[in-house]
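A look at the structure
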Amino acid sequence: EYINKIVTEVNKKYGIRWRGERNDYYYAIALRGEVIRVLEERECIDDKNYKIGNYFQNEKEAQKVINSKEWEEFWEKIRTREIGE
């Protein structure tokens, strides 16, 4: 646990994000805004989730995004067509 904590801190400092191995689970935010557990299969959807940042090591990290002001503002911009026209 101690080593995992150190590695996580170093990764944060240098901008390296965690990515699970094949058959590990990660968490993502589904279209309806709920956190889902996903099996890493190295498929296209896993690569896309990782690339856009919708890829979390645990449920708490994903929920933190959903609860953020930025999440609310992002969807407000979608609703008002500031993004995505």
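See above for the structure.
Residues numbered from 1 in each chain as written. Predicted model: local features only at pLDDT ≥ 70, side-chain atom pairs only at ≥ 80, totals over all residues. Heavy atoms only, no water.

**Examining a nonpolar patch on the surface**
Counted only if it meets this: The patches reported here contain residues having more than 30% relative accessible area and no salt bridge. Joining distances are 9 Å for like charges and 5 Å for nonpolar side chains (Val, Leu, Ile, Met, Phe, Trp, Tyr). Surface accessibility follows the Shrake-Rupley procedure with a 1.4 Å probe radius. Residue values consider only the protein chains on display as shielding. For this document, the term salt bridge refers to a Lys or Arg side-chain nitrogen within 4 Å of an Asp or Glu carboxyl oxygen. Helix and strand assignments follow DSSP, with helices taken as H or I runs no shorter than four residues and strands as E runs no shorter than two, numbered in order from the N terminus.
Side chains of Tyr-2, Ile-3, Ile-6, Val-7, Val-10, Tyr-14 and Ile-16 sit close together on the surface and give an oily, nonpolar patch of about 750 Å² of accessible area. Note that Ile-16 resides in the loop between helix H1 (2-14) and strand S1 (25-29).

**Digging into the packing of aromatic side chains**
The relation between two aromatic rings is expressed through the spacing of the ring centres and the mutual angle of the planes. Inclusion rule: Ring geometry is summarised as follows: Phe, Tyr and Trp rings, the Trp one being its six-membered ring, pair when their centres sit within 6.5 Å, and such pairs are stacked at plane angles under 30 degrees, edge-to-face over 60 and tilted between the two. We call a residue buried when its accessible area falls under 20% of the maximum for its residue type, exposed when it is over 50%, and partly exposed in between, using a 1.4 Å probe and counting protein chains only. A ring is considered to have a charge above it if a Lys NZ or an Arg CZ atom is located within 6 Å of its centre and within 35 degrees of its normal.
As enumerated under the stated definition, the model contains 5 aromatic pairs in all. Ring centres 3.9 Å apart and planes at 15° place the aromatic pair Tyr-26 and Tyr-55 in the stacked group. Here the residue Tyr-26 occupies a position in strand S1, and Tyr-55 occupies one in the loop between helix H2 (44-52) and helix H3 (59-66), the gap between them amounting to 29 residues. Here the aromatic rings of Trp-71 and Trp-75 are separated by 5.8 Å at their centres, their planes lie at 65°, and the arrangement is edge-to-face. Residue Trp-71 and its partner Trp-75 are both found in helix H4 (residues 69-79); the two are separated by 4 residues, about one turn of the helix. Judged by its relative accessible area of 21%, Trp-71 falls in the partly exposed class. Accessibility expressed as a relative area gives 32% for Trp-75, which makes it partly exposed. Members of the aromatic cluster, joined through ring pairs, are Trp-18, Tyr-26, Tyr-50 and Tyr-55. One Lys or Arg, Arg-17, reaches over the ring of Tyr-50 and ends 4.0 Å from the middle of that ring. Seen from the ring of Tyr-25, Arg-37 lies directly overhead, with NZ or CZ sitting 3.6 Å from the centre.

Functional significance is not addressed by these values, which are geometric in nature.
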